[in-house]
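# Report on the structure
The primary structure of each chain is shown beneath.
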Amino acid sequence: MSESYTGKINRKLQRKQKIIRAAAGKCKADLVLKNATYVSVFSGELRKADIAVAAGLIVGIGDYEGEREIDMTDKIVCPGFLDAHIHLESALVSPTEFIRAVLPHGTTTVIADPHEIANVMGTDGIEYMLQATERLPIDVRFMLPSCVPATPLDESGATLDYRAIDSFYDHPRVQGLAEMMNYVGTVAADEQVVEKIVAAQAHHKKIDGHAPGLRGKALNAYVAAGVYSDHECATAEEAIEKLEMGQVIMIREGTAAHNLEALMPLLTDKYADRCMFCTDDKHPSDLLEKGHIDYIIKRAIEMGADPILAVKVASTNAARYFRLNNRGAIAPGYLADFVIIDNFEDFNVEQVLKKGRLMYDNGKLKTFPSPEVDEFLASRAHNTFKVDKLTSKAFKIDRPRGVLGMMPGELMTTDEGYATGVDVDADILKIAVVERHNYTGHIGIGYIKGYGLKSGAVATSISHDSHNIIVVGTNDSDMADAVNHIAENDGGITVYDNGRCIGDVQLAIAGLMSDAPLVDVNRALETAKEKAFGLGINRSIDPFMTLSFMSLPVIPKLRLTTRGVFDVESQSYV
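Residues numbered from 1 in each chain as written. Predicted model: local features only at pLDDT ≥ 70, side-chain atom pairs only at ≥ 80, totals over all residues. Heavy atoms only, no water.

### Digging into the overall build of the protein chain
To keep things clear, this is the line we draw: What counts as a helix is a DSSP run of H or I of at least four residues, what counts as a strand is a run of E of at least two, and both are numbered from the N terminus. Here the term buried applies to any residue with accessible area under 20% of the maximum for its type, exposed to any over 50%, and partly exposed to those in between, with areas from a 1.4 Å probe on protein chains only. Note on areas: Shrake-Rupley, 1.4 Å probe, and residue coverage restricted to the protein chains presented here.
A tally of regular secondary structure across the protein chain gives 17 helices and 28 strands. The dimensions of the protein chain, computed from C-alpha atoms along their principal axes, are 85 × 50 × 50 Å. Going through the 574 residues of the protein chain one by one, you find that 61% of them count as buried. As displayed, the protein chain offers around 22300 Å² of accessible surface, 48% of which is attributable to carbon and sulfur atoms.

This is the structure in structure tokens:
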């Protein structure tokens, strides 16, 4: 029998009375961090005191006794870190595995946008992620996908209008509407786009932005529509203009995009209160080798940022923006989320406490179970490929097609004219996007220059944002084999050469994530990368991540969809 209403009230009353008594020093706190040097985000300084915790909350700063005490002499205590915008799917592992990777780095809250899995599974994908993140030792909050698909030009597994996502706003872990990638539609006052904005505002929720390079009156229109933030700023000038228009700037430093160095001028007293840190996409090797938000703080400090200000940007600012008013600071009434570091110079995370519980201690992570996911959703997530087996004939073309020119270190492409066939010596390769959600048989085919492949084919079911199968190759036979292999595995990344699979990463959760541990996924991924490089791909690019963005029709100049080569600037097929 569920607890009665009166029982819940009494339990909450007793909890609150315990908190007040411990704060007043009338009883021992559950936990006291003794002799703590802590970051005061409110005064912008390091302060020294005991930090008392009861019922998962900070109850007092001063001189306290606890049932349990931990000596913090010669350590620095920071509030838990927040990632203001991330796609959990980018880690290529389950949410539980992601949490196991970032918790040791001091991350205690993340704001996730599940638009990758929503493009595959629709609202079932959102529900899957909500269930897969329930009661984990990091607070996983969500912004609802605003662009499924990214544009009407894409063929995804679902099309979500404002009605489809509206009921999710009532979920206690939903904070708002995620990155409004369709800034063109927003500025044009497109009815379906504006409907989503109005609906989010009706629920009093935040609306995040995604508008690279938007300036002037178009930016005015975007902000006036109600878009409150942006994480796509590539220059300080762009960021300051958006900030002065009222947007909060997410300084992004992830795997695909590195904006911290360019945006360092924002990390000053003049602008920092309107800034947050985010990673957007974080791949396995980065999580294992560099870290998470702690890595951004460390890099910012190395480049001259005031350490306390950097910690504030990584904690308080994001909590305040997302109206998570009980976290992001060390003060009475705030969640007892602590990151214990050695010093600001090295910034090594030694311990992490979540709601007063020691979850990570000098290399040892406390074990915790994976959440239970509804059987239907789990089955649905592992059966998302609806594509017929292909032969080499599927990739035959009889007329010139547009050539996407890859740019080193950039996601943008150039228009390299037309080609009539593969020319390995000139680095002209065939590229195709195979629709895999609804058995349509649609295959968009073009050419790509700058990838460097000399033999075989590379394919992946991570194909932003609709996540069809994208493949590039030197011959039609290996391209067909690679696509068929991915479909048979219910998703993944594969490298084929001469009819043989030589590199393989299985991603059976919606074709985006693996059920395996992070270290195993990373090992398979790095092995596959080496095989791809061995076939001639330029080592200056990530052979899979770079390929996965070639189908996203919101980044100039040319992209490839299931319907063919598309010119983003002219909004026409070539």
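### A word on the sheet that holds strand β28 (residues 572-573)
Let me state the cut-off plainly: Strands were regarded as paired on the criterion that DSSP finds at least two bridges between them.
Spatially, β26-β27-β28 is the arrangement adopted by the three strands of the open sheet, whose pairing is antiparallel. Looking at strand neighbours, the two that pair on one side only are β26 (558-561) and β28, the edges of this open sheet. Bridging between strand β27 (residues 564-567) and β28 involves two bridges; their strand directions are antiparallel. Directly across from Asp-567, in β28, lies its bridge partner Ser-572.

### A closer look at the domain arrangement of the protein chain
The criterion, for reference: In this document the domain limits rely on a domain assignment from an automatic tool or a database. In what follows, residue pairs with any heavy atoms lying within 4.5 Å of each other are defined as contacts. For any pair of parts, buried area is found by adding up, for both, the accessible area (1.4 Å probe) each one loses once the two are put together. One speaks of a salt bridge when a side-chain nitrogen belonging to Lys or Arg is within 4 Å of a carboxyl oxygen belonging to Asp or Glu. The definition of a polar contact used here is a pair of N or O atoms within 3.5 Å, where within protein one atom must be able to donate a hydrogen and the other to accept one, and adjacent residues in sequence count solely through side-chain atom pairs.
Partitioning the protein chain into domains gives domain 1 (5-74), domain 2 (81-327) and domain 3 (380-573). Each of domain 1 and domain 2 has a C-alpha centre, and these two points are 31 Å apart. In this complex, domain 1 contributes six residues to the contact, which on the side of domain 2 involves five residues. Here domain 1 packs against domain 2, burying approximately 430 Å² in sum over the two surfaces, 80% of which is carbon and sulfur. Interface area lost by domain 1 to domain 2 is led by Val-39, Val-41 and Gly-44, which between them contribute 76%. Our enumeration of links across domain 1 and domain 2 arrives at zero salt bridges. Counting across the interface, domain 1 meets domain 2 through zero residue pairs in polar contact (both at pLDDT 80 or more).

### A look at the nonpolar core
Selection rule: Among buried residues, those of type Ala, Val, Leu, Ile, Met, Phe, Trp, Tyr and Cys that are joined through side-chain atoms within 4.5 Å constitute a nonpolar core.
Val-77, Leu-267, Phe-277, Ile-297, Phe-338 and Tyr-451 are the most contacted members of the largest nonpolar core, which totals 154 residues. For this core, the element with the most residues is helix α16 (residues 518-534), which contributes six residues. Counting residues in each nonpolar core, the second largest holds 17 residues, with Ala-432, Val-434, Ile-486 and Tyr-496 among its members.

### With respect to the sheet that holds strand β6 (residues 81-86)
The criterion, for reference: Axis lines are fitted to C-alpha atoms, over the contacting stretch for helices. Their N-to-C directions set the angle, which ranges from 0 to 180 degrees.
Within the open sheet, the five strands sit side by side as β6-β7-β8-β9-β10. Their pairing is parallel. Among the strands making up the open sheet, the edge pair consists of β6 and β10 (206-209). This sheet shows a mean twist of 30° between the axes of neighbouring strands, independent of strand direction.

### Focus on the state of the cysteines
The test is simple: Here, the term disulfide refers to a pair of cysteine sulfur atoms separated by no more than 2.5 Å.
In this structure the tally under the stated criterion is zero disulfides. For the unlinked cysteine Cys-147, the closest cysteine sulfur is that of Cys-278, found at 16 Å. Looking at Cys-147, the relative accessible area reads 5%, which means it is buried.

### Quick word on the UniProt feature "domain: Amidohydrolase-related" (unreviewed entry) in the protein chain
Under the convention used in this document: UniProt positions are given in the numbering used here, feature names are shortened, and annotations may be inferred rather than shown by experiment.
UniProt records the feature "domain: Amidohydrolase-related" (unreviewed entry) for residues 76-358 in the present numbering. Secondary structure within residues 76-358 divides into 33% helix and 20% strand; the distance between the first and last C-alpha atoms comes to 16 Å.

### A short note on the pattern of salt bridges
Overall, the coordinates contain 27 salt bridges when judged by the stated rule. Across the salt bridge formed by Glu-232 and Arg-252, the nearest N and O atoms sit 2.9 Å from each other. Separated by 20 residues along the polypeptide, Glu-232 in the loop between β11 (229-230) and α9 (236-244) and Arg-252 in strand β12 (residues 248-252) bring together distant segments of the chain. Asp-520 serves as the salt-bridge partner of Arg-523, at 2.9 Å between the closest nitrogen and oxygen. With a gap of three residues between them, Arg-523 and Asp-520 both fall in helix α16, about one helical turn apart. Taking the relative accessible area as the measure of exposure, Arg-523 reaches 51% and is therefore exposed. It is possible to trace a salt-bridge network through shared partners that takes in Asp-139, Arg-327, Asp-337 and Lys-354.

### As for α9
What sets the pattern is the α-helix's 3.6 residues per turn: residues three or four places apart point alike. In terms of residue burial, α9 counts as a mostly covered element, since seven of its nine residues are buried. For α9, the set of buried residues is Ala-236, Glu-238, Ala-239, Ile-240, Glu-241, Lys-242 and Leu-243. Close packing links the buried residues of α9 with α8 (216-224), β11, β12 and β13 (275-278).

### Digging into the packing of aromatic side chains
Here is the rule: When the centres of two rings from Phe, Tyr and Trp lie within 6.5 Å, Trp using its six-membered ring, the rings pair. Their planes under 30 degrees apart give stacked, over 60 give edge-to-face, and anything left gives tilted.
Throughout the structure, instances matching the rule amount to five aromatic pairs. Look at Tyr-321 and Phe-322: their rings are 4.6 Å apart centre to centre, the planes differ by 85°, and that puts the pair in the edge-to-face class. Assessed through its relative accessible area of 5%, Tyr-321 is described here as buried. Here the aromatic rings of Phe-344 and Phe-347 are separated by 6.5 Å at their centres, their planes lie at 20°, and the arrangement is stacked. Summarising the burial analysis for this pair, Phe-344 and Phe-347 share the class buried. Three or more aromatic residues joined by ring pairs form one cluster here, namely Phe-81, Phe-344 and Phe-347.

### Looking at unusual backbone geometry
The omega torsion of the bond from Val-148 to Pro-149 falls at 0°, within 30 degrees of zero and hence cis. Here the amide bond leading from His-464 into Asp-465 is cis, since omega sits at -10°, within 30 degrees of zero. By the secondary structure assignment, Asp-465 is in the loop between β22 (457-460) and β23 (469-473). Phi angles above zero are rare outside glycine, and Tyr-439 is one such case at about 55°. Mapping Tyr-439 onto the fold places it in the loop between β20 (428-434) and β21 (443-449).

### Some points on the environment of Ser-463
Mapping Ser-463 onto the fold places it in the loop between β22 and β23. Sequence-wise, Ser-463 and Gly-122 are 341 residues apart; in three dimensions their C-alpha atoms are separated by 16 Å. Once residues lying within four places of it in the same chain are set aside, the contact partners of Ser-463 are Asn-468, Ile-470, Ser-548 and Ser-551.

### Examining the environment of Asn-383
Mapped onto the fold, Asn-383 is located in the loop between α14 (375-381) and β18 (401-406). Each C-alpha atom of the pair Asn-383 and Glu-69 lies 50 Å from the other, and the pair is 314 residues apart in sequence. Separated by 2.7 Å, the side chain of Asn-383 and the backbone oxygen of Ser-379 make a polar contact.

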